[in-house]
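Structure assessment
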Amino acid sequence: MGFLDKFKKKKAAPPQEGKSAPETEEYSPGGSAIYRYQTPEDQGFRPPEDVCVSTEAIEKHMEGIFPGWQGFVYHEIVSDLVHIDVHVLRSPEGDCQLLYTTGMSDLPMNLPEEIADREDLKYAELYMLLPGDWDLGGVGASTQDLPYERFWPIRMLKFLARFPHEYQTWLGWGHTIPNGPDYTPVCDGLGFGGAVLDSLSAVPPLTTEEGREISFYLLIPAYKEEIEYKLKYGMEELSRRFAEGKLPVVLNVHRPNLCADFKEILD
C-alpha cells in the first residue's frame, strides 16, 4: 500500500503553534535527512482558516511565464486544513499541459530548526507538465469523471500539496517521497514508485505584494532506483543522471529508468 491509498482516509494531527518539522538524527548515505511518518489518529474535519491567499498572484505569475496558455481549474469542493485547487493550462499548440497547485502556500511549512529562519523556503506550490493528449476533461468537469489512469497526477499533486501541513513538516528541492515502504506503483501498469521534487529556472519564485516568497517545485514521478540513488549520492548526482539521460520535463510514462543500474541495498 502506498501514500496514494493509505493517507486518503486518515488525517494528521492539527497544527500546533510553533511546532517544527519532525526531528531526525537519521541521514541517508548522500547526506539527506530522512523523516519517517506514522499515520496519526483521525482529528476530524478542520476547515481552512485562510483560503486562496495568493491564488490571484500565482495565476498572474503563471500566465506571465506561459503566455497564451488557456485552461480551467479543478476546484476542491470540501477542504480539510488547506484548500488545494489544481489549475490546468494548455499550450496554444495543444502539445503540452501545465498542472499547478494553489493553496499549499496559504500556510507556512514547518522548517527544521537549523533553517527555521529561511523565509524563502516556508511557502511553496507544486506543478507538473503533461502531454497535450492527456485527457483531463474541460471546464466544468469533475475529477470523478476521470478514470484513475488519467486522474493520478492530479491526486498526487493534491496529496503532496497538503502533506507538509498535515504532517507538520516541509517539502523542498531534492526531497523524495516513496509511495510507501514497498514503492507501490502510483498507478497500475506504471513503474513509478514515488516522486522527486526539483526546481527549474523556467518557473522562478514569486514574491507577492505582501512579501511572501513562494517557490515552485516540479513534481517528477520517479522509479525506486532513482529515489534510492538520490538517497545514496544526493540530489546533485541524481540531477546529473537526469541531465545525462535527458529526462523529459513533460511527463512520459514510458520513459526509461535513469538509475536502472543502481543495485545497492540501502539499510
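Remember, predicted model here, so these are calculated numbers, not experimental data.

Focus on the overall build of the protein chain
The helix and strand inventory of the protein chain stands at 5 helices and 8 strands. Ordered by position from the N terminus, the helices and strands of the protein chain form the series α-α-β-β-β-β-α-β-β-β-β-α-α. Burial analysis of the protein chain (267 residues in total) assigns 51% to the buried set. When contacts within the protein chain are restricted to residue pairs at least 6 apart in sequence, long-range pairs at least 24 apart make up 68% of them. Element-wise, carbon and sulfur atoms account for 49% of the exposed surface of the protein chain, whose accessible area totals about 13400 Å².

Focus on the packing of aromatic side chains
Inspection of the entire model under this criterion finds 10 aromatic pairs. Measuring from ring centre to ring centre gives 6.1 Å for W134 and W152, while their planes differ by 70 degrees; the resulting arrangement is edge-to-face. In this pair, W134 is assigned in the loop between β4 (123–131) and α3 (148–166) and W152 in helix α3, connecting sequence segments 18 residues apart. The pair W134 / W152 is uniform in exposure class, with both members buried. Arranged with centres 4.9 Å apart and planes meeting at 50 degrees, the rings of Y229 and Y233 form a pair that is tilted. With Y229 and Y233 both in helix α4 (residues 224–233), this residue pair falls 4 residues apart, about one helical turn.

Thoughts on α4
All of the buried residues in α4 are E226, I227, E228, Y229, K230 and L231. In this structure, the buried side of α4 is in contact with β5 (176–178), β6 (194–198), β8 (213–222) and α5 (235–244). Phi for G234, located one or two positions after α4, is positive at around 100 degrees.

As for the environment of T143
Within the secondary structure layout, T143 lies in the loop between β4 and α3. For T143, a relative accessible area of 24% translates into the label partly exposed. When the C-alpha positions of T143 and Y74 are compared, they lie 7.3 Å apart, and in sequence the two are 69 residues distant. Excluding its chain neighbours within four sequence positions, the residues that come into contact with T143 are Y74, F151 and I154.

Side note on the packing of α4 against α5
At a minimum axis separation of 7 Å, α4 and α5 run at an interaxial angle of 135 degrees. Regarding the angle of α4 to α5, the classification is oblique. Of α5, the residues touching α4 (which contributes E226, Y229, K230 and Y233) are M235, E237, L238, R240, R241 and F242. The residue makeup of the contact of α4 with α5, split by class, is 5 nonpolar, no polar and 5 charged.

Describing the pattern of salt bridges
This model, assessed by the stated rule, comprises 10 salt bridges. For the salt bridge of D120 with R118, the shortest nitrogen-to-oxygen distance reads 2.8 Å. Look at D120 and you get partly exposed, because its relative accessible area is 24%. Assessed through its relative accessible area of 36%, R118 is described here as partly exposed. Here R240 ties to E244 by a salt bridge, and the two come within 2.9 Å at their closest N and O atoms. Of the two residues, R240 and E244 are both situated in helix α5; the distance of 4 residues between them amounts to about one turn of the helix.

Some words on the pairing of β8
The element β8 is largely enclosed, with a buried count of 9 among its 10 residues. Examined bridge by bridge, β4 and β8 share 5 bridges and lie parallel to one another. From the neighbouring strand, Y127 faces β8, where its bridge partner is L218. Alignment of β6 against β8, held across 5 bridges, turns out to be antiparallel.

Brief notes about the side chain of Q168
With respect to the element layout, Q168 can be found in the loop between α3 and β5. A distance of 3.3 Å separates a polar atom in the side chain of Q168 from the backbone oxygen of H165.

Scoring rules and cut-offs
- Residues numbered from 1 in each chain as written.
- Predicted model: local features only at pLDDT ≥ 70, side-chain atom pairs only at ≥ 80, totals over all residues.
- Heavy atoms only, no water.
- Helix = DSSP H or I, 4+ residues; strand = E, 2+ residues; numbered from the N terminus.
- Buried < 20%, exposed > 50% of the residue type's maximum accessible area, 1.4 Å probe, protein only.
- Contact = heavy atoms within 4.5 Å.
- Areas by Shrake-Rupley, 256 points an atom, 1.4 Å probe, with all protein chains shown as cover.
- Phe/Tyr/Trp six-rings, centres within 6.5 Å; stacked < 30°, edge-to-face > 60°.
- Axes fitted to C-alpha atoms, helices over the stretch in contact; angles between N-to-C directions.
- Parallel < 35°, antiparallel > 145°, perpendicular 65-115°, else oblique.
- Nonpolar A, V, L, I, M, F, W, Y, C, P; charged D, E, K, R; others polar.
- Salt bridge = Lys/Arg side-chain N within 4 Å of Asp/Glu carboxyl O.
- Pairing = 2+ DSSP bridges.
- Polar contact = N/O pair within 3.5 Å; in protein donor to acceptor, adjacent residues only side chain to side chain.

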